[in-house]
Structures are given as structure tokens and as C-alpha cells.
There are 2 protein chains.
Amino acid sequence: MPKLITTRTRIADLGKPRIIIIGGGFGGIEVVKALRGFKAQVVLFDKYNHHLFQPLLYQVATSGLETSSIVAPFRKMFGSQNDFYFRLGEVKKIDPAENSIETSIGRVKYDYLVLASGATTNFFGMAELEKNASCMKTIIDATKLRNKIIRSMEYALLAEEKAAMKSLMNFVIVGGGPTGVELAGALSELKRNVFPRDYKELDLAEMQIHLVESSPRLLNGMSEQASAKAFSFLTEMGVQVHLQTAVKAYDGEEVLLGTGEKLFSRSLVWAAGVKGNPVEGLDGALFTKSNRVMVDQYNRIKGYENIFAIGDVALMEGDEKFPKGHPQMAPAAQQQGKLVAQNIIHLIAKKTLRPFSYFDKGSMATVGRHKAVVDMRGGIRFQGAFAWYVWMFVHLMSLVGFRNRVFTFFSWMWSYFSYDRSNRLIIGRNEEKSILEEPLLK
Amino acid sequence: MPKLITTRTRIADLGKPRIIIIGGGFGGIEVVKALRGFKAQVVLFDKYNHHLFQPLLYQVATSGLETSSIVAPFRKMFGSQNDFYFRLGEVKKIDPAENSIETSIGRVKYDYLVLASGATTNFFGMAELEKNASCMKTIIDATKLRNKIIRSMEYALLAEEKAAMKSLMNFVIVGGGPTGVELAGALSELKRNVFPRDYKELDLAEMQIHLVESSPRLLNGMSEQASAKAFSFLTEMGVQVHLQTAVKAYDGEEVLLGTGEKLFSRSLVWAAGVKGNPVEGLDGALFTKSNRVMVDQYNRIKGYENIFAIGDVALMEGDEKFPKGHPQMAPAAQQQGKLVAQNIIHLIAKKTLRPFSYFDKGSMATVGRHKAVVDMRGGIRFQGAFAWYVWMFVHLMSLVGFRNRVFTFFSWMWSYFSYDRSNRLIIGRNEEKSILEEPLLK
């Protein structure tokens with residue numbers, strides 16, 4: 001039986017230009033899509049075999065959606081696209097001199113390379129925090145968090161002392177952007193609509209939700225109007241919002257805030273920053289402190305002819321509205337992805353390239369049932385129930401795959417009419433031990 | 001901050017008889033349901049916070065259903081039942097002399113105890129096999145298997161040598177009962193309907209599925225007619241069925257059959273036997289070799305006044321039709337559960353107990369689209385398309401929870417019309433490392 005040491009990626013040489021895309025997130029899949037029908041070989045590398053719709057991860061974490069509603073397998077997505085190759089692998093290094101990449105499944109040459117590896121949670125070097133906090137960037141994160149929330153409630157039920165019980169029912173979310181706001185709102189809906197029935201033995205009045213934001217307002221990428229409304233929605237719903245407050249430390253039991261205040265919580269979720277996912281082999285000077293690589297107006301990495309970067313991992317300067325780079329949001333990644341595909345086609349055809357111009361469609365965030373905030377172009381802003389329907393519609397339509405849209409729609413309809421979040425499951429992660437041997441209770 | 005050492009289960013003393021049920025499977029939940037409205041305190045212990053519909057696990061493993069469609073949280077199920085207590089915990093020991101149990105969350109006394117802990121995979125002492133084989137008794141098993149199937153195909157794509165490629169595409173299932181038959185059929189449908197589109201670079205003709213059964217026929221708990229039809233269905237679908245064949249050894253690469261034949265496979269699924277999940281503290285002499293505890297005709301464990309056992313973990317002698325004990329199937333567990341609840345009520349009311357009489361409703365198994373086999377009472381047997389619709393209907397109606405039924409129904413409708421199995425996801429289990437660092441490729 002020969003050993004399965006794979007050193008070749010087995011990507012056939014088709015005699016056409018080979019475009020390799022690293023990462024199948026919002027940006028990466030737009031590049032693939034836009035190259036459909038073009039005479040090139042398109043190769044997508046990803047660590048997972050599916051695309052993840054991150055904006056709805058918080059719903060998986062709070063038992064509102066199943067994981068499979070927000071993921072789409074790449075092979076299914078691009079199954080009918082000619083000369084498309086998917087490789088399940090991790091890209092470890094770029095070798096620009098050789099025009100090749102080193103991956104976990106071997107080395108392969110490229111004619112054009114697009115780095116679309118996205119971002120990961122940024123703990124700003126706070127190691128103890130990183131060890132003790134939950135985050136929410138991947139499916140694993142979301143299901144771990146869901147397990148943790150449910151398990152915390154189960155253990156709160158059993159706690160001997162009131163202080164211990166309260167710390168188990170005290171959820172601290174750090175980061176007042178859409179992720180933190182949406183998570184805080186969803187948790188407060190669990191507290192109001194689901195937990196009272198599930199945990200009759202607990203006094204749910206003791207359950208607390210804190211949202212901690214270091215800047216002066218929530219959703220500081222949106223309008224002041226949106227920030228103010230989100231703040232009042234959350235406060236009405238019982239969330240304790242701390243503005244202009246930083247988190248100094250967290251040891252798993254005690255949160256130390258910049259104000260000196262301490263919160264006793266066994267569950268802290270860190271949604272307060274992201275950093276890019278770089279790949280080795282590029283000039284280190286091109287990366288910012290938060291690991292975004294500098295690109296020109298064509299999304300080309302400065303100094304490289306045939307290497308592009310898009311989305312969260314890239315930083316394009318020169319846009320007056322966004323001097324520090326475009327927001328790390330889906331629309332920016334998608335627009336850059338489409339243009340990069342066009343520009344690569346132009347490069348191959350020796351035509352002139354088109355510079356990127358970000359079309360800011362606006363942004364939105366939801367807080368709870370009938371409570372969302374929307375900023376649109378032209379200064380159109382609205383909040384409340386209509387904003388919530390718009391938010392749901394836009395997210396539903398943005399999901400990849402008709403099936404995902406249908407199933408998410410039904411999940412939402414179900415929750416809407418039953419006030420129920422039906423996915424509250426602990427699917428134990430540790431196959432050998434009972435899930436109860438987890439550190440929480442030792 | 002007080003330490004979270006929980007030594008009390010915090011189950012209030014209500015001044016009523018306390019009935020503790022260990023395990024929320026098919027049997028356990030029937031006991032709880034049947035005690036609704038009765039003046040007793042009902043306490044359910046389970047390692048997980050949800051009930052699992054095991055008959056459809058193989059569909060999770062072959063990407064046909066989402067995990068959440070086949071599970072139901074206990075707190076939701078029994079949320080409206082008075083004096084019902086759920087405890088997330090593992091029961092470690094029974095102390096009959098003290099009428100108490102020792103659990104991972106503390107010690108608690110019972111007036112009546114029902115052991116409904118079910119069964120686990122039985123590897124018959126073959127340690128190397130256990131280490132290398134996959135099994136399919138829990139959600140974790142099923143998602144691991146799903147990951148493995150998909151990853152095996154991804155790696156087959158990259159294999160350097162044909163022998164390695166073929167071994168990755170060679171799936172060996174051991175055990176010709178419904179589990180094995182259903183899994184083999186589902187895999188062959190993946191091979192025919194899904195993989196050709198997903199893996200155009202692979203020659204799917206090289207993919208093999210073997211089903212190995214040690215007795216002379218498949219589904220040997222069913223009629224000869226059903227066995228023969230299942231055999232011909234599977235063979236038509238390209239599954240290689242080996243009857244009267246045992247598996248002697250499996251080292252992760254090579255399967256050694258009793259016939260001396262060797263199969264080269266990186267994926268062996270063991271569905272060839274179960275053994276009971278006993279709890280310490282009972283008389284060891286009461287357990288069979290396969291860990292089933294001997295009970296009398298009232299499901300009472302012999303020698304104990306107030307301890308009962310039902311379902312897969314129990315063995316009731318004296319039924320002429322089932323001299324070796326009732327089949328380890330859902331209907332037997334459910335009927336025993338209902339009767340045990342009644343008998344406990346009678347015990348408390350000092351009435352006479354009713355002995356158990358198994359009502360064999362028949363059995364069924366499915367092989368693939370329009371291919372199922374059904375044995376009903378009165379010798380009614382049928383196979384094929386109608387049997388398949390009956391199978392789907394019965395399983396749909398048996399699912400716990402209206403929402404699960406609706407979502408499963410839609411998943412099946414989707415698959416039916418699109419021939420697609422839409423849940424083919426690798427949700428990596430290892431949060432720290434890339435899933436590609438798994439032993440498969442080292």
C-alpha cells in the first residue's frame with residue numbers, strides 16, 4: 001500500500017493562463033464567478049470545502065439558524081463552470097520569483113494570483129484574553145459559542161452560590177460593531193423569549209448582557225442616527241451598554257474594564273477587531289499593523305506585477321472617503337473581486353486596467369425583532385420594523401444558493417411565529433470525553 | 001469568585017415520589033411523556049441536552065440531512081410538563097442500598113429509577129479495529145463520517161498512485177442490518193448522483209462500496225423476502241455484498257476478511273454490533289456479554305424492587321418469539337417505556353403490575369430512491385417504491401417535533417427533485433489546526 005504523501009496538487013496544465021485564488025470568501029467567489037466563460041484556468045484554494053456567510057454566524061451562535069443554512073460547498077457552487085478547479089488545502093507561502101505557491105498539498109505555479117484570504121479575530125496581543133475569550137469568525141466559533149451559552153445556563157442552574165450563578169449568566173460582548181450589536185440583541189431575545197420556558201428553575205432577572213465599546217458610539221461606521229437608535233433599542237431590551245470603555249484583561253472569570261470596573265463573567269465574546277490573514281513570502285513592509293497588505297488602485301500588491309489582494313486582507317489607499325482603507329465588509333470585497341477578475345482579463349488581453357472605485361451601498365445592522373437600523377445612499381436612513389424587514393430581505397437574497405435561502409426563510413418564519421429559536425443544541429465537540437469534563441466546572 | 005465545584009444537583013424535594021430516568025433516547029422519553037400529569041417528580045439525566053433520532057443518522061453522514069433536523073432539545077420537548085426536571089449530566093454509579101445515584105453533577109436520591117441508557121458500538125474486543133474504524137451511533141460519529149467521506153474524495157483527487165486513489169475511494173461497511181444497508185445504499189447514490197458532478201477529475205468507476213455481513217443474509221431480523229430484495233437492490237446499485245463473511249482485522253489501510261480476502265480501504269464503517277451502556281453499582285452477574293441487564297417481565301432489574309431497565313440496555317427473557325431478548329429497536333424501547341411508567345404509577349398506588357408483551361409492528365429498511373423493504377404484521381411484505389414512500393412517511397411522523405418534521409420533509413423534497421444531497425460540508429472539528437493536518441495524509 002503506497003503511502004499517501006501528496007506532493008502534487010494535480011492541477012492539469014491546460015495551456016491557458018492559470019489564475020489562482022486564495023480563499024473562497026465574499027471576495028474570492030466573485031473573482032471565480034466573474035471569470036466564468038473566460039479562457040483561463042481558475043483554481044480556488046480554501047482550507048474548508050465551503051463558503052461561509054459570516055453575517056449570519058451570530059444566528060448560529062444563538063440557536064436561530066442551522067450551520068448548513070449559511071454555508072455553500074464550492075464544488076456545488078461552481079460545479080458547472082468549465083476549467084474551474086477546487087483544491088482543499090492551505091496556502092503556506094507565495095514564491096513570487098518562481099510564480100508559485102507552496103500549499104499543504106503541494107507546490108503549484110500561477111500566472112496570476114489573487115490573495116483573498118480574509119481576516120481573523122484580532123486580540124491585539126492580549127494573550128490571556130485570547131485564551132479565555134470566545135470569538136465568532138468561523139462555524140466552529142459559532143457552534144462553540146452556542147454550546148457555551150447553553151452549557152452556562154445548565155450550570156447556572158446547579159451553582160451552589162449566587163455569585164457563581166450570576167457569573168454564569170453574565171454575558172459580556174466586546175465590540176460595538178454590527179457583530180457585537182447583533183449578538184447582544186439576539187442574546188437578549190433568548191433571555192426574554194426562550195430561556196424563561198426552558199429554565200423555569202432560574203431567575204432570569206439575574207441574567208445580564210453587557211456590550212462594551214471603546215469608541216463613543218455603537219456602529220461607528222454608520223450614521224449618528226443609526227448609532228443612537230441601536231443604543232436605545234439595546235437599552236430598552238435590557239442590554240447594559242458601556243461606551244468609551246476598553247477591556248483591559250479577562251482571566252476567564254473577571255473582566256477588567258478601562259474604567260476600573262470589574263464584571264464577573266464566565267463568557268466573554270471578543271468581536272472588537274480583526275486582522276488580515278496574510279501568507280508568507282511577500283514583502284513584509286507592505287503589511288500594516290493589522291496585517292492588511294497595501295495594494296494600488298487596481299488591487300495589485302505594490303511591487304508585484306501579477307499578484308492581487310482583495311477584501312479584508314487588502315488595504316487600498318487613495319479613496320478620499322476611506323483614507324484608512326475601505327471598510328472590511330462584504331460589498332467592498334465583492335466589488336474588488338469583480339474588478340480584479342476584469343483587470344486580469346484585461347492584462348491578459350493587454351488592455352488598460354480600470355481603477356477601483358468603491359460604491360458605498362450603505363450599511364445595516366439588526367438588533368432584534370422589528371428593530372434594525374439602515375443607512376442608504378443619498379442620506380436615506382431609517383430604523384425600526386421596516387428596517388428589520390429590509391435587513392432580512394437583503395441578507396436572505398445575499399445568501400449563496402437557492403436552497404439556503406429557502407431554508408433560512410423557513411427558519412425565520414418559524415422563529416417569527418413561534419418566538420422560538422429552535423436550534424439550541426449542544427453537539428459535543430469532544431468525542432472521547434463526556435462534554436461535562438470541560439474546564440468550566442473544574 | 002467562588003469556585004464552580006458543583007456537588008449538588010439542586011433537584012428540589014417536592015414531597016412527591018421522585019422518578020429518575022437515565023437517558024433520553026426512545027425509551028427514556030416515553031417514560032417521561034407517560035408520567036405527564038401524574039403526581040410525581042420526574043427527573044431526566046442525559047449526557048447531551050437533546051434527544052437524537054438515530055434511524056436517520058446515516059442521512060447526516062451522507063449529507064442528506066442537517067444534524068438539527070434529527071435532534072430535539074429536552075427542555076423544549078418537556079417545557080410544559082409540570083414537575084419535570086432535566087439535568088445535563090452523566091450518571092456514574094447507582095447506589096441501590098442508598099436509593100441514590102452518583103452523577104457528574106452530584107449525588108441525588110430516587111424513589112424509582114429507570115435505566116434507559118441505550119447502547120453503544122460493540123467492537124467485540126478488537127482494539128485495532130476500534131481505533132481505525134468509523135462508527136455511527138451519535139451525531140459526532142455521523143459528522144465525522146461525513147467529513148471523512150468528503151475528505152477522502154478530495155484526497156483521492158490528489159493521490160499520486162492509482163492504488164492510493166482507489167483505497168481512498170473504497171468504502172467498506174461492516175454489518176448487514178438496517179444501518180449498514182442504508183448507509184451502503186446512500187453512498188452508492190452519492191456515487192451515482194452527486195460525485196460525478198462534484199469530482200469531474202475523478203474516475204468514479206474506481207469508487208467501490210463493500211457491505212460485509214457475517215450471517216447468511218442481510219437484514220436477518222426481517223423476512224427472507226426482504227433480505228433477498230435488499231440484496232438485489234444493493235447489487236443493482238453497484239454495492240459489492242459479502243455474505244457469511246466476517247472481518248478479522250483492520251489497520252486503517254487493509255481490511256482482512258474471514259475468507260482470507262483483503263480489501264484496501266481507508267474508510268471502514270463498523271455497524272456490526274452494539275452493546276449496552278451499563279452503569280456501575282448493579283450486580284455484575286445480571287449483565288450479559290453484550291452488557292444487557294436482565295429484567296423480569298415488568299422490566300424490573302432482577303433483585304431490585306425499584307430499579308427498572310428498558311430498551312437496548314435491557315434484556316427481558318420469556319418471550320417465545322424473542323428468546324434472546326427483544327430486538328434492540330425503537331418500538332421495543334418505546335413500548336417498554338410506556339409500560340414502565342404505568343407500572344411505576346401502579347406500584348405507587350399499590351396496584352398490580354402489568355407484564356410486558358411486545359407488539360411487533362414489523363420492520364423496514366431503505367436502500368435508495370424508490371427502493372425500500374417493509375415487513376408488516378400478518379405476513380404483509382412489500383418492497384420497492386411504495387415501501388419507500390411508507391418508510392419515509394413513518395420516519396417523518398416519528399421524528400420528534402413538528403419543526404423537525406417540516407424541515408426534514410423539505411430536505412427530502414429538495415433531494416427528491418434535485419437528486420442532490422445538499423449538506424456535503426466539512427465542518428472541521430479541530431479548532432486549532434487546519435483540518436488538513438489530520439492523520440489521513442501523514
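In this text the structure is predicted, and so the values were computed from the model without any measurement.

Structural notes on the overall build of chain A
In step 1: For chain A, the count of helices and strands is eleven helices and 24 strands.
In step 2: Relative to the compact-globule value of 22 Å for 442 residues, chain A shows a C-alpha radius of gyration of 23 Å, a close match.
In step 3: Counting only C-alpha atoms and orienting by the principal axes, one finds that chain A spans roughly 70 × 65 × 45 Å.
In step 4: Buried positions account for 59% of the 442 residues belonging to chain A.
In step 5: Pairs at least 24 apart in sequence give 64% of the contacts found in chain A among residues at least 6 apart.
In step 6: Counting every atom, chain A has about 17,700 Å² of accessible surface; 51% of that belongs to carbon and sulfur.
In step 7: Counting 56 positive and 44 negative side-chain charges, chain A places the averaged centre of each group 6 Å from the other.

Describing the sheet that holds strand β6 (residues 91-95) of chain B
Picture the strands of a sheet paired through backbone hydrogen bonds; they go either parallel or antiparallel.
Residues and elements named next belong to chain B.
In step 1: Pairing is antiparallel in the open sheet, where three strands are placed in the order β6-β7-β8. This sheet does not close on itself; its edge strands, each paired only once, are β6 and β8 (106-109). Adjacent strand axes in the sheet meet at a mean angle of 20° when their direction is disregarded.
In step 2: Taken together, the four bridges between β6 and strand β7 (residues 100-103) define a ladder with antiparallel strand orientation. Bridge pairing in β7 places K93 opposite E102.

Details of the domain arrangement of chain A
All names here are of chain A.
In step 1: Assigned domains within chain A: domain 1 (18-47 + 89-121 + 274-348) and domain 2 (127-272 + 369-441).
In step 2: Taking only C-alpha atoms, the centre of domain 1 and the centre of domain 2 are 32 Å apart.
In step 3: Together domain 1 and domain 2 conceal approximately 380 Å² of surface at their shared face, both sides included; 64% is due to carbon and sulfur atoms.
In step 4: Across the domain 1-domain 2 interface, the total number found is zero salt bridges.
In step 5: In this assembly, domain 1 and domain 2 are joined by zero residue pairs in polar contact (both at pLDDT 80 or more).
In step 6: For the side of domain 1 that touches domain 2, the leading source of residues is strand β10 (residues 119-121), giving three residues.
In step 7: Class assignment of the residues belonging to the side of domain 1 that touches domain 2 gives a composition of three nonpolar, two polar and one charged.

A closer look at a nonpolar patch on the surface
In step 1: Together, F409 and F410 of chain A together with F409 and F410 of chain B make up an exposed nonpolar region whose accessible area comes to about 320 Å².
In step 2: Sorting the residues of the nonpolar patch by element identifies α11 (402-418) of chain A together with α11 (402-418) of chain B as the ones contributing at least two each.
In step 3: Mapping F409 of chain A onto the fold places it in helix α11.

What to know about the packing of aromatic side chains
In step 1: By the definition in use, this model includes 29 aromatic pairs over all chains.
In step 2: Considering the side-chain rings of F26 of chain A and F53 of chain A, the 5.6 Å spacing of their centres and the 75° angle between planes classify their relative orientation as edge-to-face. Residue F26 of chain A is found in helix α1 (residues 26-34), and its partner F53 of chain A is found in the loop between β3 (50-52) and α2 (57-61); the two are separated by 27 residues along the sequence. Each of the two residues, F26 of chain A as well as F53 of chain A, counts as buried.
In step 3: Relative to F84 of chain A, the ring of F78 of chain A lies with its centre 4.9 Å away and its plane at 50°, an arrangement referred to as tilted.
In step 4: Using a relative accessible area of 12% as the deciding quantity, one classes F84 of chain A as buried.
In step 5: Three or more aromatic residues joined by ring pairs form one cluster here, namely F409 and F410 of chain A together with F409 and F410 of chain B.
In step 6: In this arrangement the basic side chain of R403 of chain A is found over the ring face of F407 of chain A, its NZ or CZ atom lying 4.0 Å from the centre.

Things to note about the pairing of strand β2 (residues 41-46) of chain B
All names here are of chain B.
In step 1: Across the six residues of β2, six count as buried, placing the element largely inside the fold.
In step 2: Burial along β2 is two-sided: the face carrying Q41, V43 and F45 and the face carrying V42, L44 and D46 are both buried.
In step 3: As paired elements, strand β1 (residues 18-22) and β2 share five bridges and run parallel to each other. Its bridge partner lying in β2, I21 is registered against L44.
In step 4: With helix α1 (residues 26-34) bridging β1 and the parallel β2, this β-α-β connection has right-handed handedness.

Structural notes on the environment of L113 of chain A
All names here are of chain A.
In step 1: Topologically, L113 is positioned in strand β9 (residues 112-115).
In step 2: Separated by 195 residues in sequence, L113 and F308 place their C-alpha atoms 6.1 Å apart.
In step 3: Look past the residues within four positions of L113 in its chain and what remains in contact with it is I20, I22, I94, I101, N306, I307 and F308.

With respect to the sheet that holds strand β23 (residues 371-376) of chain B
All names here are of chain B.
In step 1: The three strands lie next to each other as β22-β23-β24, forming an open sheet whose pairing is antiparallel. The outermost strands of the open sheet, each flanked by one partner alone, are β22 (362-368) and β24 (381-384). Pairwise comparison of adjacent strand axes, ignoring direction, gives a mean angle of 5° for this sheet.
In step 2: As paired strands, β22 and β23 are joined by six bridges and run antiparallel to one another.

Details of the packing of α11 of chain A against α11 of chain B
In step 1: One can describe the packing of α11 of chain A onto α11 of chain B by two numbers: an axis separation of 12 Å at closest approach and a directional angle of 165°. Overall, the two elements α11 of chain A and α11 of chain B adopt an arrangement that is roughly antiparallel. α11 of chain B is crossed by α11 of chain A, and the crossing has right-handed handedness. When α11 of chain A is examined against α11 of chain B, the residues F402, R403, V406, F407, F410, S411 and W414 of chain A are found in contact with a partner set consisting of F402, R403, V406, F407, F410, S411 and W414 of chain B.
In step 2: When grouped by side-chain class, the residues that make up the contact of α11 of chain A with α11 of chain B number ten nonpolar, two polar and two charged.

A few points about the side chain of S223 of chain A
All names here are of chain A.
In step 1: Within the element layout of this structure, S223 appears in the loop between β12 (208-212) and α8 (224-236).
In step 2: Using a relative accessible area of 11% as the deciding quantity, one classes S223 as buried.
In step 3: Residues within four places of S223 in sequence aside, it is in contact with R217, D375 and R381.

Focus: α1 of chain A
In step 1: The element α1 of chain A is extensively covered by neighbouring structure, given that seven of its nine residues are classed as buried.
In step 2: Along α1 of chain A, the residues that are buried comprise F26, G27, G28, I29, E30, V31 and V32 of chain A.

Section: the environment of A184 of chain B
In step 1: Its location among the elements puts A184 of chain B in helix α7 (residues 178-198).
In step 2: Between the alpha carbons of A184 of chain B and V108 of chain B there is a distance of 44 Å; along the sequence they are 76 residues apart.

A short note on the pattern of salt bridges
In step 1: A complete count under the given rule lists 29 salt bridges over all chains for this structure.
In step 2: The residue D375 of chain A makes a salt bridge to R381 of chain A at a minimum N-O spacing of 3.9 Å.
In step 3: The class for D375 of chain A is buried, based on a relative accessible area of 7%.
In step 4: Accessibility expressed as a relative area gives 34% for R381 of chain A, which makes it partly exposed.
In step 5: The shortest N-O distance in the salt bridge between K33 of chain B and E30 of chain B comes to 3.4 Å. On the criterion of helical spacing, the pair formed by K33 of chain B and E30 of chain B is a turn pair, its members being three residues apart in helix α1.
In step 6: Salt bridges sharing common partners tie together D95, E102 and R107 of chain A.

Conventions adopted
- In this convention, every chain numbers its residues from 1, walking through the sequence in written order.
- Lettering for chains starts from A, numbering for ligands starts from 1, and both go in the order in which the items are written.
- Local features in a predicted model are, by the rule used here, given only for residues with pLDDT of at least 70; side-chain atom pairs are given and counted only at 80 or more, and totals for whole chains, interfaces and linings are based on all residues.
- In computing side-chain values, all of the structure's heavy atoms are included and hydrogens and water are not.
- Each helix is a run of DSSP H or I of at least 4 residues and each strand a run of E of at least 2, with the numbering of both proceeding from the N terminus.
- Radius of gyration here is computed from C-alpha atoms only, and the compact-globule reference equals 2.2 Å multiplied by the residue count raised to the power 0.38.
- To sort residues, take the accessible area from a 1.4 Å probe on protein chains only and compare it with the maximum for the residue type: under 20% means buried, over 50% means exposed, and anything in between is partly exposed.
- The contact rule is simple, with two residues in contact once any of their heavy atoms fall within 4.5 Å.
- Using a 1.4 Å probe, the Shrake-Rupley method yields the accessible areas, and only the shown protein chains count as cover for residues.
- Counting rule applied: Lys, Arg positive; Asp, Glu negative; His and chain ends not counted.
- Charged groups are reduced to one reference atom each: NZ for lysine, CZ for arginine, CG for aspartic acid, CD for glutamic acid.
- Paired strands, as defined in this entry, are two strands with at least two bridges between them according to DSSP.
- Each axis is a line fitted through C-alpha atoms, and for a helix only the stretch in contact is used; angles between axes span 0 to 180 degrees, taken between their N-to-C directions.
- Segmentation into domains, and thus their bounds, comes from an automatic or database assignment.
- Buried area: the accessible area, evaluated with a 1.4 Å probe, that two parts lose upon being put together, summed over both parts.
- For this document, the term salt bridge refers to a Lys or Arg side-chain nitrogen within 4 Å of an Asp or Glu carboxyl oxygen.
- N or O atoms closer than or at 3.5 Å make up a polar contact, with two conditions inside protein: a donor-capable atom paired with an acceptor-capable one, and, for residues adjacent in sequence, both atoms drawn from side chains.
- Note that Gly is not counted as nonpolar here; it falls among the polar residues with everything else outside the nonpolar set of Ala, Val, Leu, Ile, Met, Phe, Trp, Tyr, Cys and Pro and the charged set of Asp, Glu, Lys and Arg.
- Each patch groups residues whose relative accessible area exceeds 30% and which form no salt bridge, using 9 Å between like charges and 5 Å between nonpolar side chains of Val, Leu, Ile, Met, Phe, Trp and Tyr.
- Any Phe, Tyr or Trp ring, taking Trp's six-membered ring, that has another such ring centre within 6.5 Å forms a pair; planes under 30 degrees apart are called stacked, those over 60 apart edge-to-face, and the others tilted.
- Only when the NZ atom of a Lys or the CZ atom of an Arg is both within 6 Å of the ring centre and within 35 degrees of the ring normal do we say a charge sits over the ring.
- Viewed with both strands pointing away, a crossover whose connecting path from the first strand over the helix to the second turns clockwise is right-handed.
- Should an angle fall under 35 degrees it is called roughly parallel, over 145 degrees roughly antiparallel, and 65 to 115 degrees roughly perpendicular, with every other angle called oblique.
- It is the rotation of the near helix from the far one that decides the hand of a crossing: anticlockwise by less than a right angle makes it left-handed, clockwise makes it right-handed.

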